[in-house]
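# Descriptive structure summary
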Amino acid sequence: DGGITQSPKYLFRKEGQNVTLSCEQNLNHDAMYWYRQDPGQGLRLIYYSQIVNDFQKGDIAEGYSVSREKKESFPLTVTSAQKNPTAFYLCASSGWSGANVLTFGAGSRLTVL
Amino acid sequence: DQQVKQNSPSLSVQEGRISILNCDYTNSMFDYFLWYKKYPAEGPTFLISISSIKDKNEDGRFTVFLNKSAKHLSLHIVPSQPGDSAVYFCAASAGQAGTALIFGKGTTLSVSS
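Anyway, here's the lowdown on the structure attached to this text. (Residues numbered from 1 in each chain as written. Chains lettered and ligands numbered in written order. Predicted model: local features only at pLDDT ≥ 70, side-chain atom pairs only at ≥ 80, totals over all residues. Heavy atoms only, no water.)

## Considerations on the nonpolar core
Membership of the largest hydrophobic core comes to 23 residues, with the highest contact counts inside it found for B:Phe33, B:Trp35, B:Leu73, B:Leu75 and B:Tyr88. For this core, the elements supplying multiple residues, two or more each, are strand E3 (19-25), strand E4 (30-38), strand E5 (45-51), strand E7 (62-67), strand E8 (72-77), strand E9 (86-94) and strand E11 (107-112) of chain B. Of all the elements, E9(B) adds the most residues to this core, at four residues. Judged by nonpolar contacts, the second largest core, of 20 residues, contains A:Leu21, A:Leu76, A:Cys91 and A:Leu110. (Core = buried A, V, L, I, M, F, W, Y, C linked by side-chain atoms within 4.5 Å. Buried < 20%, exposed > 50% of the residue type's maximum accessible area, 1.4 Å probe, protein only. Helix = DSSP H or I, 4+ residues; strand = E, 2+ residues; numbered from the N terminus.)

In structure tokens, the structure reads:
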């Protein structure tokens, strides 16, 4: 079945540590995205990539980094510079349809201890 | 400044009745509007979309209405079912496919039996 796989589902991190969240898709989509969800805040865009080896900052990119070396993969690194990293992280992808429907993964919950 | 606003954080409806979720936007360049449904600790799932050149789109129990002059759209669910209880996000897209969606903060719908 085609879809988006995010791992790990739950992750705990000590303050000062970097952590990388994995996102893999087998939908043959060109564009991939990372959003963050906080209670009452909706979904806020961190980074997105429209093509391999290219990506753009979203509204809340500070403290995060990404890479897009393969079409199928778009990992997100949460660095120690991110002030409030505890959140639910969502990866998505889209093809080149007019409505730009995003398909989301199941999410990763990061908790900083 | 929020470009997509969902001003009602929550809505409670009885089973069998109509649920109406509202969304306002500020950017007249948006060309597609989408609704997503989200359960806790899961990724959002796409429900229905509407092009800015239409004023209504229907898919089973779900209908989206767009009023461009008022920069307002609404999602109608008829009849509402307990399984519809979830957070509903309104999202908007501007420009080419592969551009990130802009989401509202969501409305939590509770359908009681």
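From this point, the discussion proceeds with the structure in view.
## Section: unusual backbone geometry
Omega for the bond connecting A:Ser7 with A:Pro8 falls within 30 degrees of zero, at -5°, which places this linkage in the cis form. Take A:Pro8: it is sitting in the loop between strand E1 (4-7) and strand E2 (10-13). Cis rather than trans, the peptide bond between B:Val78 and B:Pro79 has omega equal to -10°. For B:Pro79, the position within the fold is in the loop between E8 and E9.

## Quick word on the state of the cysteines
Each disulfide consists of a covalent bond between the sulfur atoms of two cysteine residues. All names here are of chain B. Overall, the coordinates contain two disulfides over all chains when judged by the stated rule. Each sulfur in the disulfide pair Cys23 and Cys90 lies 2.1 Å from the other. Between Cys23 and Cys90 the sulfur-sulfur dihedral comes to about -75°; the bridge is accordingly left-handed. Of this pair, Cys23 sits in strand E3 while Cys90 is found in strand E9, placing the two residues 67 residues apart along the sequence. The residues Cys23 and Cys90 share a single accessibility class, namely buried. (Disulfide = S-S within 2.5 Å.)

## Let's talk about the packing of aromatic side chains
By the definition in use, this model includes 14 aromatic pairs over all chains. With a centroid separation of 5.9 Å and an interplanar angle of 65°, the aromatic rings of A:Tyr64 and A:Tyr89 are classed as edge-to-face. With A:Tyr64 in strand E7 (residues 64-66) and A:Tyr89 in strand E9 (residues 87-94), this pair connects stretches of sequence that are 25 residues apart. Like A:Tyr64, the residue A:Tyr89 is buried in the burial classification. Here a set of aromatic residues connected by ring pairs shows up, and it is made of A:Tyr33, A:Tyr35, A:Tyr48, A:Phe104, B:Tyr36, B:Phe46, B:Phe89 and B:Phe103. Over the face of the ring belonging to A:Phe74 we find A:Arg68, whose NZ or CZ atom lies 6.0 Å from the ring centre. (Phe/Tyr/Trp six-rings, centres within 6.5 Å; stacked < 30°, edge-to-face > 60°. Lys NZ or Arg CZ within 6 Å of the ring centre and 35° of its normal.)

## A look at the pattern of salt bridges
One pass over the full model with this rule turns up four salt bridges over all chains. Residues A:Asp38 and A:Arg44 are paired through a salt bridge, measuring 2.8 Å at the closest nitrogen-oxygen approach. The salt bridge involving B:Asp84 is made with B:Arg61; its shortest N-O contact spans 2.8 Å. Of the two residues, B:Asp84 sits in the loop between E8 and E9 while B:Arg61 sits in the loop between strand E6 (56-59) and E7, which places them 23 residues apart along the sequence. Its relative accessible area of 2% is what places B:Asp84 among the buried residues. When salt bridges that share partners are traced, they join A:Arg36, A:Asp38 and A:Arg44 into one network. (Salt bridge = Lys/Arg side-chain N within 4 Å of Asp/Glu carboxyl O.)

## Overview of the interface of chain B and chain A
Taken together, the 21 residues of chain B in the interface contact 26 residues of chain A. In total, chain B and chain A occlude about 1,800 Å² of area from one another, counting both sides; carbon and sulfur atoms represent 60% of this. Remark: the boundary between chain B and chain A carries zero salt bridges. Between the two partners, chain B and chain A, sit five residue pairs in polar contact (both at pLDDT 80 or more). Here the side of chain B that touches chain A takes four residues from E4(B), the largest share from any one element. Within the side of chain B that touches chain A, the residues separate by chemical class into eleven nonpolar, seven polar and three charged. (Contact = heavy atoms within 4.5 Å. Buried area = accessible area lost by both parts, 1.4 Å probe. Polar contact = N/O pair within 3.5 Å; in protein donor to acceptor, adjacent residues only side chain to side chain. Nonpolar A, V, L, I, M, F, W, Y, C, P; charged D, E, K, R; others polar.)

## Section: the sheet that holds E8(B)
All names here are of chain B. The five strands lie next to each other as E1-E3-E8-E7-E6, forming an open sheet whose pairing is antiparallel. Two strands close off the open sheet at either side, each with one partner strand: strand E1 (4-5) and E6. Looking at chain direction, E6 and E7 are connected through four bridges and run antiparallel. Within E7, the residue paired with Lys56 across the bridge is Phe65. (Pairing = 2+ DSSP bridges.)

Everything listed is a geometric property; what it means functionally is a separate question.
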